[in-house]
Amino acid sequence: GTIYFQQKQYDQALRVFSKIESSYAETDAAADASYMKGKVFWENGDAQEAKNQFEFVIQKHPSSDGAAQSKVALARIHQKADDPAKAQTLAQEVATSRNDAVGAEAQYISATIFAERQEWQNAVTAYRRVRYVFPSYEDWVTKAYLGLGIAYESLRDIPKAREAYQNVLRIKRD
């Protein structure tokens, strides 16, 4: 299913993911397949069906990785739909309960929501949390340093902004 998804053969991907869901209904594989179905719907431009699918994963498999990934996907959907409170709640729920790449992404989303709302001090705290709680996830740390630089610029703290931008360059150079 994932190969079909990567090749943008979404109908075939949906068939495979649906088969996994029905054949392994109460397993992590089913949760992952359900999450991937949501991604297929999203890529096909069906935001409402994607949202429904992600909500289904959270309800049916609440403690699975698929549920955490679905919460992150829903946070992004709500962020785009201009519902920052709902997006923030979902992102924080994942960011504070995980210490993996999904948690790092959720923490980054939380920071960007603060930045979009021009809550710069909260954005600084959230971006810094990416660095200190999720240091192994270089891509998220790099993005967080970039956001941190913007937040510090907005707070008119140019030395700290410069330091954040230099960290981006240092990471990308290594």
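Bear in mind the structure is a predicted one, so any value in this text is a computation, not a measurement. (Residues numbered from 1 in each chain as written. Predicted model: local features only at pLDDT ≥ 70, side-chain atom pairs only at ≥ 80, totals over all residues. Heavy atoms only, no water.)

**Digging into the packing of helix α2 (residues 10-23) against helix α3 (residues 28-43)**
Phase 1 of the analysis: Taken N-terminus to C-terminus, the directions of α2 and α3 make an angle of 155°; their axes are 8 Å apart at the nearest point. When the axis of α2 is compared with that of α3, the two are roughly antiparallel. The interaxial crossing formed by α2 with α3 has left-handed handedness. Every residue of α3 that contacts α2 at Y10, A13, L14, F17, S18, I20 and E21 is listed here: A29, A30, A33, S34, M36, K37, V40, F41 and E43. (Axes fitted to C-alpha atoms, helices over the stretch in contact; angles between N-to-C directions. Helix = DSSP H or I, 4+ residues; strand = E, 2+ residues; numbered from the N terminus. Parallel < 35°, antiparallel > 145°, perpendicular 65-115°, else oblique. Left-handed = near helix turned anticlockwise from the far one by under 90°. Contact = heavy atoms within 4.5 Å.)

**Considering the packing of aromatic side chains**
Phase 1 of the analysis: The tally for this structure, following the rule as stated, stands at four aromatic pairs.
Phase 2 of the analysis: Pairing F5 with Y10 gives two aromatic rings, centres 5.7 Å apart and planes at 55°, and the pair type is tilted. Y10 carries the same exposure label as F5, and that label is buried.
Phase 3 of the analysis: Look at Y35 and F54: their rings are 5.7 Å apart centre to centre, the planes differ by 35°, and that puts the pair in the tilted class. With Y35 in helix α3 and F54 in helix α4 (residues 47-60), this residue pair connects regions lying 19 residues apart in the sequence. Like F54, Y35 is buried.
Phase 4 of the analysis: An aromatic cluster of at least three residues, connected via ring pairs, comprises Y108, Y127 and W140.
Phase 5 of the analysis: The ring of W140 has K143 lying over it, and the distance from NZ or CZ to the ring centre is 4.4 Å. (Phe/Tyr/Trp six-rings, centres within 6.5 Å; stacked < 30°, edge-to-face > 60°. Buried < 20%, exposed > 50% of the residue type's maximum accessible area, 1.4 Å probe, protein only. Lys NZ or Arg CZ within 6 Å of the ring centre and 35° of its normal.)

**So, the nonpolar core**
Phase 1 of the analysis: Counting 27 residues, the largest nonpolar core has F5, F17, V40, F54, V72, V94 and I109 as its most contacted members.
Phase 2 of the analysis: Taken together, the elements giving at least two residues each to this core come down to α2, α3, α4, α5 (65-80), α6 (84-95) and α7 (101-116).
Phase 3 of the analysis: At six residues, the largest contribution of residues to this core is made by α5.
Phase 4 of the analysis: Not counting the four nearest positions on each side in its chain, I109 is found in contact with V72, A75, R76, Q79 and A91.
Phase 5 of the analysis: Of all hydrophobic cores here, the second largest spans 23 residues; its members include Y108, A115, A144 and L148. (Core = buried A, V, L, I, M, F, W, Y, C linked by side-chain atoms within 4.5 Å.)

**Some words on the pattern of salt bridges**
Phase 1 of the analysis: Tallying each qualifying case throughout the model produces seven salt bridges.
Phase 2 of the analysis: A salt bridge links K37 to E21; the nearest nitrogen and oxygen atoms lie 2.7 Å apart. Highlighted residues: K37 in helix α3 and E21 in helix α2, separated in sequence by 16 residues.
Phase 3 of the analysis: For K37, a relative accessible area of 12% corresponds to the buried category.
Phase 4 of the analysis: Judged by its relative accessible area of 15%, E21 is buried.
Phase 5 of the analysis: Across the salt bridge formed by R98 and D100, the nearest N and O atoms sit 2.4 Å from each other. (Salt bridge = Lys/Arg side-chain N within 4 Å of Asp/Glu carboxyl O.)

**Comments concerning unusual backbone geometry**
Phase 1 of the analysis: Even without a glycine there, the phi angle at D82 is positive, about 60°.
Phase 2 of the analysis: Turning to its location among the elements, D82 is positioned in the loop between α5 and α6.
Phase 3 of the analysis: Its relative accessible area of 66% is what places D82 among the exposed residues.
Phase 4 of the analysis: With phi around 60°, Q118 is a residue other than glycine that occupies positive phi space.
Phase 5 of the analysis: Mapping Q118 onto the fold places it in the loop between α7 and α8 (120-133).
Phase 6 of the analysis: You can call Q118 exposed: its relative accessible area is 58%.

Such coordinate-based values are descriptive only and should not be taken to indicate function.
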